[in-house]
Amino acid sequence: MIHCGKKGTRLRICGKIILFAVIFYAAEFVVFCLTGTEISSWSRRILNQMYTDSPIEIGVIGGSQVLYGISPSVMQERLGKASANLTSSQQPLSATDAVLRETAAHHPEMKEVYVSLDYSLVMADEVNLESIYMMADAMPASWNKVRFLLHATPQEYYLNSFLPLRKGESYSFSRQQIVQNLAVLKEPDYRFQASAGGYAPHDGMTQAAYDALAEEYQSKKESLPEENGKVVLPDRSVWAIRDMISFCKKRDIHLTFLATPVPEFVTESVTNYDGYVQAVRDLLDESDVEYLDFNQNRKCEEKQNYDETRQGCLFDRKNPSLFNDDFHLSGMGAEIFTESLCSWLQTNG
C-alpha cells in the first residue's frame with residue numbers, strides 16, 4: 001500500500017509538471033502569435049511561396065541580395081520557366097539549405113536552383129539568431145524544422161530555439177502589430193498568403209553617394225581568415241554547402257552557386273577576396289557544381305573553356321545607378337544582372 005502510494009504521488013507530480021509545461025508553452029505561443037513581428041513581415045510572405053500551389057520550376061535562394069538582385073519575371077521570360085526568389089533578410093546558408101528542402105518537398109517540379117554565396121554571409125563570424133528564427137517561424141512543425149534548428153543554432157541556444165518566445169527574436173507589443181498579426185492568422189490558409197516572385201526593385205545611387213561609400217570602404221580594409229595562405233570557410237558554411245549538393249543530387253536538381261555583383265570598392269576592401277573565391281571553387285571541385293562570381297569583372301568564357309579559365313562574369317561594378325547601396329542592386333541593376341545571368345545559362349547550360 002505504501003509502495004502504491006509513493007507511485008501515485010510520483011505520477012501526480014509528473015502530471016502536474018506536464019500540465020504546467022503545456023500551459024506554459026501554450027501561453028508563450030499565444031504571446032508570440034500576437035506580438036512576433038515575423039508573423040506579418042515581408043520575409044514571411046516571400047517564404048510562404050514554399051507552400052503555395054503556384055509552380056516553381058526555378059528557385060533562387062539567398063538573402064536580401066537575391067530580393068534586390070534577381071528579377072523572376074526576366075528569368076521566366078528568358079528561360080521559359082516559372083521562377084521565384086525564396087529569400088529572407090541576412091539568410092544564413094543553414095536557412096538556405098532548409099528553404100531548398102522545404103520547397104523541393106512541396107514543389108517537385110523545381111529542377112533548377114541557384115544559391116547565393118555572398119561572402120559576408122558565408123564568412124560571418126557570429127550566428128544571426130533573428131535570421132534563423134525568421135526562417136523557423138515560416139516552417140510548420142516537421143522533422144526538417146527540427147533538423148534545421150539543430151544545425152543552425154549553437155548548442156547553448158537549443159532550448160531557446162524550441163520555445164515560442166525566443167531570445168534573439170523581434171517582438172512588438174504595439175496595437176498595430178497585434179492587429180496586423182491577427183489579420184494574418186485569422187485566415188485558415190495563412191501559410192499560402194504569399195508575395196509572388198520575391199523581388200523588390202529599388203532606385204540606384206547618385207555618383208556622390210557612391211563616392212562617399214567608396215571613401216568609407218577605403219578606410220576599413222579587411223582580411224578573411226586564412227590558414228597556410230588559404231582562406232578558410234567556416235565549418236557551418238561548408239556543411240550547408242555540402243548538404244545542399246548532396247540533396248540536389250538525390251533529387252536530380254541542377255544546382256548552381258553564384259555571387260551577385262557588389263560595387264567594386266566592396267571587394268577591393270577585402271584584401272584576399274580572390275582567395276575566398278578560390279576556397280569556394282576548391283570546395284565545389286569535389287562535386288562538379290558551378291560557381292558563378294559576378295565580382296571579378298572578366299568576360300565569361302564559353303563552357304568548353306570555363307573549367308580551365310575559371311573566369312568571372314562581366315558586370316559594370318563602377319556604375320552607381322546599378323546599385324541601391326553597398327551590397328544591393330538597384331532595379332535597373334537587377335534587370336541587367338538577371339539578363340547577364342540568363343545569357344550565361346543559355347550559352348553554357
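See the structure shown above.
Just so it is clear, the structure is predicted and the values come from calculations on it, not from any experiment.

1. Quick word on the overall build of the protein chain
(1) Moving on: Helix and strand content of the protein chain: 16 helices and 7 strands.
(2) Moving on: Expressed as lengths along the three principal axes of its C-alpha atoms, the size of the protein chain is roughly 85 × 45 × 45 Å.
(3) Moving on: The 349 residues of the protein chain split such that 50% are buried.
(4) Moving on: Long-range pairs, those at least 24 residues apart, make up 78% of the contacts in the protein chain between residues at least 6 apart in sequence.

2. Let's talk about the sheet that holds strand β2 (residues 83-87)
(1) Moving on: Spatial strand order, β2-β1-β3-β6-β7: 5 strands in an open sheet with parallel pairing. With partners counted over all chains shown, the strands left at the sheet margins are β2 and β7 (290-293), one partner each. Across the sheet, the mean angle separating the axes of adjacent strands is 20° when strand polarity is ignored.
(2) Moving on: In this sheet, β2 lies alongside strand β1 (residues 58-62) in parallel orientation, the contact comprising 5 bridges.

3. What to know about the nonpolar core
(1) Moving on: Ranked by internal contacts, the top residues of the largest apolar core, which has 81 residues, are Leu 117, Phe 148, Phe 257, Tyr 276 and Tyr 291.
(2) Moving on: Excluding anything up to four places from it in sequence, Tyr 276 contacts Leu 117, Asp 118, Tyr 119, Val 122, Met 123, Leu 224, Val 231, Leu 233 and Tyr 291.

4. Let's talk about the pairing of β7
(1) Moving on: On β7, burial covers both faces: Glu 290 and Leu 292 on one face and Tyr 291 and Asp 293 on the other are all buried.
(2) Moving on: Here 4 bridges tie strand β6 (residues 254-259) to β7, and the two strands are oriented parallel to one another. Within the sheet, the bridge partner assigned to Phe 257 lies in β7 and is Tyr 291.

5. Examining the packing of helix α7 (residues 129-138) against helix α8 (residues 143-152)
(1) Moving on: Packing of α7 against α8 leaves a shortest axis separation of 10 Å and a crossing angle of 175°. Classified by the interaxial angle, the pair formed by α7 and α8 is roughly antiparallel. Counting all contacts with α7, which are made through Ile 132, Tyr 133, Met 135 and Ala 136, the residues of α8 involved are Lys 145, Phe 148, Leu 149 and Ala 152.
(2) Moving on: In the contact of α7 with α8, the residues fall into 7 nonpolar, no polar and 1 charged.

6. A few points about the environment of Pro 234
(1) Moving on: Locating Pro 234 in the fold gives a position in the loop between β5 (230-231) and α12 (235-251).
(2) Moving on: For the pair formed by Pro 234 and Met 123, sequence separation is 111 residues and the distance between their alpha carbons is 6.4 Å.
(3) Moving on: Ignoring any residue separated from it by four or fewer positions in sequence, one finds Pro 234 in contact with Val 122 and Met 123.

7. Section: a nonpolar patch on the surface
(1) Moving on: On the surface, Trp 143, Leu 150 and Phe 162 cluster together into a nonpolar patch covering about 320 Å² of accessible area.
(2) Moving on: Along the chain, Phe 162 turns up in the loop between α9 (158-161) and α10 (175-185).
(3) Moving on: The class of Phe 162 is partly exposed, set by a relative accessible area of 32%.

8. Some details on the side chain of Ser 88
(1) Moving on: With respect to the secondary-structure elements, Ser 88 resides in the loop between β2 and α5 (93-106).
(2) Moving on: Ser 88 gets classed as buried once you look at its relative accessible area, which sits at 0%.
(3) Moving on: Polar side-chain contacts of Ser 88 include one of 3.1 Å to the side chain of Gln 91.

9. Regarding α12
(1) Moving on: For α12, with 17 residues, the first-to-last C-alpha span of 24 Å sits near the 24 Å given by 1.5 Å per residue.
(2) Moving on: Each element contacted by the buried residues of α12 is listed here: α5, β3 (112-116), α6 (119-122), α8, β6 and α14 (273-285).
(3) Moving on: Asp 252 occupies a position one or two residues after α12 and carries a positive phi of about 60°.

About the criteria used
Residues numbered from 1 in each chain as written. Predicted model: local features only at pLDDT ≥ 70, side-chain atom pairs only at ≥ 80, totals over all residues. Heavy atoms only, no water. Helix = DSSP H or I, 4+ residues; strand = E, 2+ residues; numbered from the N terminus. Buried < 20%, exposed > 50% of the residue type's maximum accessible area, 1.4 Å probe, protein only. Contact = heavy atoms within 4.5 Å. Pairing = 2+ DSSP bridges. Axes fitted to C-alpha atoms, helices over the stretch in contact; angles between N-to-C directions. Core = buried A, V, L, I, M, F, W, Y, C linked by side-chain atoms within 4.5 Å. Parallel < 35°, antiparallel > 145°, perpendicular 65-115°, else oblique. Nonpolar A, V, L, I, M, F, W, Y, C, P; charged D, E, K, R; others polar. Patch = residues over 30% accessible without salt bridge, like charges linked within 9 Å, V, L, I, M, F, W, Y side chains within 5 Å. Areas by Shrake-Rupley, 256 points an atom, 1.4 Å probe, with all protein chains shown as cover. Salt bridge = Lys/Arg side-chain N within 4 Å of Asp/Glu carboxyl O. Polar contact = N/O pair within 3.5 Å; in protein donor to acceptor, adjacent residues only side chain to side chain. Expected span 1.5 Å × (residues − 1).

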